Amino acid sequence: MIPISLGTYLENFFSDKKERLSELYPGLTINRLKDELTQYARQKKINVDDLFSSRYIPSHTNPITNYFNSLVKGYPLEYIRGRAHFYKSEFDVSENVLIPRSETEILVETASSFLRDWMKMSDERLRILDIGTGSGAIIISLLQEMPRPLEAFATDISKDALEVARRNYFNLRYTIPRESSLRLICTDRMNDLDQEKFHLIVSNPPYIKKREDRDFVHHQVDNYEPHLALYLEDDSYDEWFRTLFKQVLNSLYEEGIFIMEGHEDHLEDLCEVCNMIGFSTVKILKDYTNRNRFLVAKK
Ligand SMILES: C[S@@+](CC[C@H](N)C(=O)[O-])C[C@H]1O[C@@H](n2cnc3c(N)ncnc32)[C@H](O)[C@@H]1O
């Protein structure tokens, strides 16, 4: 075998597997792949100064070979590196947490705007909650974004997910006002929090119906992301949300706000549920592709 550089190997790999790669990783360019590979090599303590011009010998002990093998299997890029960009930071991720999605940034922006408005009107220390926090991307971004300290809480039913959130909170602690706090609680939705009151509650819960919607889920998502983060049973779907909304309504201060990401096909029905259980106003927000994606309800 003639020795070749990693740069040449990568170009050959990219052109040989073009179709498969574009099916598995829509929009992936060779430059993005180079960038990912450089960051991955840096994390593996490989010198990246002449990474692409140095000789590459595939071997099962070479982390770069593992990288290419993971790509061929369609393993999500974020899980390969264990990192994902969200809002203004990079977060640790593992197979125990959903890879945070860019559309969820709309939820962070909407929540930030409510918090800023309240901060202009009052010096009160605001209390916020994130239900189903996963990597902690939403709640940590909100803590980072606010000019004043917040008292924050986040729940998840998965202990393993909360470990990832805890790590992210620790890694990003210097980007958060020092007097802010975050309590991470392992519980179902908001159980164990019935004594607490909040100004704002946010959530990106599992919202895909396991039977009705599953065929529309990209197979890479279905194969690798935690089903606990994605799916709910069709038969108990509405009841699952009714319980959640009642808990939320009980725990909001008067005029408190609830913002939730949801499925475009089910959000209108869920708005009805919110109206029926007593929220004073409920509306739907769209994402950048004009699809119904967020519910905003006021107590
Ligand atoms: C769609 S993911 C969202 C993760 C993260 N908030 C984000 O936006 O990237 C849903 C999260 O809810 C958690 N979850 C699922 N069922 C739950 C329940 N009954 N109570 C609390 N959390 C739950 C999952 O473990 C997962 O972390």
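Nothing here was measured: the structure is a model prediction, and the numbers come from that model.

(A) Broad picture of the sheet that holds strand 13 (residues 292-298). Strand order in this open sheet of seven strands is 7-6-5-8-11-13-12, and the pairing throughout is mixed. Each end of this open sheet is capped by a strand with a single partner; those strands are strand 7 (181-186) and strand 12 (281-286). On average, adjacent strands in this sheet sit at an angle of 15 degrees to one another, irrespective of strand direction. Relative to strand 8 (residues 198-203), strand 5 (residues 127-131) is paired through four bridges, and the arrangement is parallel. Considered in strand 8, the bridge of Ile128 is made with Leu200. Each of strand 5, strand 6 (151-156), strand 7 and strand 8 is contacted by helix 7 (residues 137-145), which is oriented at about 155 degrees to strand 5, the strand it contacts most. In this fold helix 8 (residues 159-171) packs onto strand 6 and strand 7, with an angle of close to 170 degrees to the strand it touches most, strand 7.

(B) Here's a closer look at the environment of Arg55. Along the chain, Arg55 turns up in strand 2 (residues 55-56). Here the alpha-carbon distance between Arg55 and Gly7, two residues 48 residues apart in the chain, equals 8.9 Å. Sequence-distant contacts of Arg55, that is, excluding residues within four places in its chain, are made with Pro3, Ile4 and Ser5.

(C) Broad picture of unusual backbone geometry. Of note, the phi angle at Tyr87 is positive, near 55 degrees, even though the residue is not glycine. By the element assignment, Tyr87 lies in the loop between strand 3 (83-86) and strand 4 (89-92). For Asn290, which is not a glycine, the phi torsion comes out positive at approximately 70 degrees. With respect to the helices, strands and loops of the structure, Asn290 is situated in the loop between strand 12 and strand 13. Relative accessible area serves as the criterion here: at 56%, Asn290 is assigned to the exposed category.

Reading the values: rules and limits
Residues numbered from 1 in each chain as written. Predicted model: local features only at pLDDT ≥ 70, side-chain atom pairs only at ≥ 80, totals over all residues. Heavy atoms only, no water. Pairing = 2+ DSSP bridges. Helix = DSSP H or I, 4+ residues; strand = E, 2+ residues; numbered from the N terminus. Axes fitted to C-alpha atoms, helices over the stretch in contact; angles between N-to-C directions. Contact = heavy atoms within 4.5 Å. Buried < 20%, exposed > 50% of the residue type's maximum accessible area, 1.4 Å probe, protein only.

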